[in-house]
Amino acid sequence: MRTLRHLGGFLIGLVVTAAVLAGGGWAVQQAVGNAAAAPPDNQKMWIALGAMAAVGLVVGLVVAGRVSPMATFVPSLVLLAWTVVYALDVNRAISLIPSAPSVNQIILDAGLGAKTLLTSGVFALLGVALFIPVLMPSRWSRQYDDVDEDYEATPEGSYY
């Protein structure tokens, strides 16, 4: 049963990773692009801020929730590994971002936003914050459950 819990946490971690990289990257690119526009479009700004809030909500629920620590370990590992690659070889880290003209515009925007988050150190900050729940031993064990307890009836008339 424990492996199913951690497998579920791994799958949740993949979703959180995609939300941070794609959703967060897209939202940042939309916000930065809208801020640079001559007449800023309020609707695009609200959509970008809403997407950022949704990504923050997903990350917050996983960090504060009582799920497997794999749910925070997977995205923290991806973000910290990409940051280390960036620190060691900037060109290699940037080459991981999709930039081909045949790629969908939404993916290109998400990649450009992820580049902004990577180069500004936000991914390093978020990676460390997501790694903290992994260090808590209580997150790796199941919650105490009365149903799982083996009940031994004491004979009547016994002292204990």
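A brief look at the structure comes next. (Residues numbered from 1 in each chain as written. Predicted model: local features only at pLDDT ≥ 70, side-chain atom pairs only at ≥ 80, totals over all residues. Heavy atoms only, no water.)

1. What about the overall build of the protein chain?
So, step 1. When helices and strands are counted, the protein chain shows six helices and zero strands.
So, step 2. Listed N to C, the secondary structure of the protein chain is α-α-α-α-α-α in terms of helices and strands.
So, step 3. Classification of the 160 residues of the protein chain by burial places 29% in the buried group.
So, step 4. Here the analysis covers contacts within the protein chain between residues at least 6 apart in sequence; of these, 76% occur between residues at least 24 apart.
So, step 5. Working note: accessible area of the protein chain is about 10,300 Å², and carbon and sulfur atoms make up 68% of it. (Helix = DSSP H or I, 4+ residues; strand = E, 2+ residues; numbered from the N terminus. Buried < 20%, exposed > 50% of the residue type's maximum accessible area, 1.4 Å probe, protein only. Contact = heavy atoms within 4.5 Å. Areas by Shrake-Rupley, 256 points an atom, 1.4 Å probe, with all protein chains shown as cover.)

2. Some details on the packing of aromatic side chains
So, step 1. Scanning all chains against the criterion turns up two aromatic pairs.
So, step 2. Ring geometry for F73 against F131: centres 6.2 Å apart, planes inclined by 45 degrees, an arrangement best described as tilted. Of this pair, F73 sits in helix α3 (residues 70-88) while F131 sits in helix α6 (residues 122-131); the two residues are 58 residues apart in sequence, bridging distant segments of the chain.
So, step 3. Judged by relative accessible area, which is 26%, F73 ranks as partly exposed.
So, step 4. On the basis of relative accessibility, which here comes to 28%, the residue F131 falls in the partly exposed class. (Phe/Tyr/Trp six-rings, centres within 6.5 Å; stacked < 30°, edge-to-face > 60°.)

3. With respect to the nonpolar core
So, step 1. Counting 16 residues, the largest nonpolar core has V16, V20, V59, L79, W82, L118 and F123 as the members making the most contacts within it.
So, step 2. Contributing elements (two or more residues each) for this core: α1 (2-36), α2 (42-64), α3, α5 (105-119) and α6.
So, step 3. Dropping the residues within four chain positions of it, F123 is found in contact with V20, L21, L79, W82, T83, A114, L117 and L118. (Core = buried A, V, L, I, M, F, W, Y, C linked by side-chain atoms within 4.5 Å.)

4. Quick look at α2
So, step 1. The terminal C-alpha atoms of α2, which comprises 23 residues, lie 32 Å apart, in line with the 33 Å expected from a rise of 1.5 Å per residue.
So, step 2. Of all the residues in α2, the buried ones are A48, V55, V59 and V62. (Expected span 1.5 Å × (residues − 1).)

5. So, the environment of S138
So, step 1. With respect to the helices and strands, the residue S138 is situated in the segment after α6.
So, step 2. Residue class for S138 comes out partly exposed when judged on its relative accessible area of 43%.
So, step 3. Residues S138 and R66 lie 72 residues apart in sequence; the distance between their C-alpha atoms is 9.7 Å.

6. Some details on a nonpolar patch on the surface
So, step 1. Among the surface-exposed residues, L4, L7, F10, L11 and L14 lie close enough to one another that they form a single nonpolar patch of about 460 Å² accessible area.
So, step 2. Along the chain, L14 turns up in helix α1.
So, step 3. Given the relative accessible area of 41%, L14 is considered partly exposed. (Patch = residues over 30% accessible without salt bridge, like charges linked within 9 Å, V, L, I, M, F, W, Y side chains within 5 Å. Salt bridge = Lys/Arg side-chain N within 4 Å of Asp/Glu carboxyl O.)

7. What about α3?
So, step 1. In a regular helix each residue adds 1.5 Å, so 19 residues correspond to 27 Å; α3 covers 26 Å between its end C-alpha atoms and thus fits that length.
So, step 2. For α3, the complete set of buried residues consists of M70, A71, T72, V74, P75, S76, L79, W82 and T83.

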